Amino acid sequence: EVQLVESGGVVVQPGGSLRLSCAASGFTFDDYTMHWVRQAPGKGLEWVSLISWDGGSTYYADSVKGRFTISRDNSKNSLYLQMNSLRTEDTALYYCVTGGFDYWGQGTLVTVSS
Amino acid sequence: DIQMTQSPSAMSASVGDRVTITCRASQGISNYLAWFQQKPGKVPKRLIYASSSLQSGVPSRFSGSGSGTEFTLTISSLQPEDFATYYCLQHNSYPITFGQGTRLEIK
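Keep in mind it's a predicted model, so treat the numbers as computed, not measured.

S.K.: I'd like a description of the state of the cysteines, backed by residues and values.
M.R.: By definition, a disulfide links the sulfur atoms of two cysteines through a covalent bond. Residue and element names in this part refer to chain A. Applying the stated criterion across every chain, the model contains two disulfides over all chains. Disulfide pairing places C22 opposite C96 at an S-S distance of 2.1 Å. Its S-S torsion of approximately -70° makes the covalent link between C22 and C96 left-handed. Here C22, found in strand 3 (residues 18–25), pairs with C96, found in strand 9 (residues 92–98); they are 74 residues apart in sequence, far enough to count as distant.

Next up, the structure:
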């Protein structure tokens, strides 16, 4: 059974930093592209970032480019999102998602507030 | 960036109705389109991929069609469990983009 478990979401002040993690199991992690997708409270879905199976290619939404960095450790079956210079508009539930958007984690809540 | 515009943004319908939701892309995306269903407090669920391929386990009353810039999600006979928000997504080019969502409510 595919499992994606996100962690690291907390309350952080504007301008702060945070690192999200996603632990993957139940599939061959290093065969898959992975994404982060977020959803602000009461709002729609927003794609955030993608990383290729080997970490060699990464892509970002314009709203996070230059502030967020996606990475992975295939030896640990883990996906990460380093979030810097956080803004109030980054407040959202952050989902870890497999490459075809067929499997989603339960999400971890990031709240940016003073 | 490719903009994905869904219509309508919200609609009400009755059990048994046939419902169609449209998603328009601001430029051609071939068939790199997926549809998702999200119920309140739940994780999004993929219904359709590659514009018209039904996800395993999804009821056959759901169908997708289209190519290029115009796509549709059709529910042939609405069931009580289908009342939810539906999103389209394009993955033809980066950045990947979602539609704004269509909220389907009970009439």
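And the narrative resumes.
S.K.: Describe the sheet that holds strand 7 (residues 68–73) of chain A, listing the residues and the values that go with them.
M.R.: Pairing between sheet strands relies on hydrogen bonds along the backbone, with the strands arranged either parallel or antiparallel. Residues and elements named next belong to chain A. Taken in spatial order, the four strands line up as 1-3-8-7 in an open sheet, and their pairing is antiparallel. Bordering the open sheet on either side are strand 1 (3–7) and strand 7, each of which pairs with just one other strand. Strand after strand, the sheet turns through a mean of 15° between neighbouring axes, direction not considered. Pairing of strand 1 with strand 3, which is carried by five bridges, proceeds in the antiparallel orientation. Opposite Q3, over in strand 3, you have S25 as the bridge partner.

S.K.: Outline the side chain of T91(A), listing residues and values.
M.R.: Residues and elements named next belong to chain A. If you trace the backbone, T91 turns up in the loop between strand 8 (78–83) and strand 9. Here T91 falls in the buried class, since its relative accessible area comes to 16%. A polar side-chain atom of T91 sits 3.0 Å from the main-chain carbonyl oxygen of T88. In this structure the side chain of T91 is engaged in a polar contact, spanning 2.9 Å, whose partner is the backbone nitrogen of V112. Leave out the neighbours within four places in its chain, and T91 touches A40, P41, V110, T111 and V112.

S.K.: Kindly report on the sheet that holds strand 6 (residues 58–60) of chain A, identifying the contributing residues and their values.
M.R.: Residue and element names in this part refer to chain A. An order of 2-10-9-4-5-6 is seen for the six strands of this open sheet, with the pairing classed as mixed. Single-partner strands in this sheet number two, and they are strand 2 (11–12) and strand 6. As paired elements, strand 4 (residues 34–39) and strand 9 share six bridges and run antiparallel to each other. Bridge assignment links M34 to a residue of strand 9, and that residue is T98.

S.K.: How would you summarise the pattern of salt bridges if you had to cite specific residues and measurements?
M.R.: Throughout the structure, instances matching the rule amount to eight salt bridges over all chains. Put simply, E81(B) and R61(B) hold a salt bridge, and the shortest N to O gap is 3.4 Å. In this pair, E81(B) is assigned in the loop between strand 8 (70–75) and strand 9 (85–90) and R61(B) in the loop between strand 6 (53–54) and strand 7 (62–67), connecting sequence segments 20 residues apart. Classification of R61(B) by relative accessible area gives buried; the value is 17%. Beyond isolated ion pairs, a larger network of salt bridges with shared partners links R38(A), E46(A), R67(A) and D90(A).

The rules behind these values
- Residues numbered from 1 in each chain as written.
- Chains lettered and ligands numbered in written order.
- Predicted model: local features only at pLDDT ≥ 70, side-chain atom pairs only at ≥ 80, totals over all residues.
- Heavy atoms only, no water.
- Disulfide = S-S within 2.5 Å.
- Helix = DSSP H or I, 4+ residues; strand = E, 2+ residues; numbered from the N terminus.
- Pairing = 2+ DSSP bridges.
- Axes fitted to C-alpha atoms, helices over the stretch in contact; angles between N-to-C directions.
- Buried < 20%, exposed > 50% of the residue type's maximum accessible area, 1.4 Å probe, protein only.
- Polar contact = N/O pair within 3.5 Å; in protein donor to acceptor, adjacent residues only side chain to side chain.
- Contact = heavy atoms within 4.5 Å.
- Salt bridge = Lys/Arg side-chain N within 4 Å of Asp/Glu carboxyl O.

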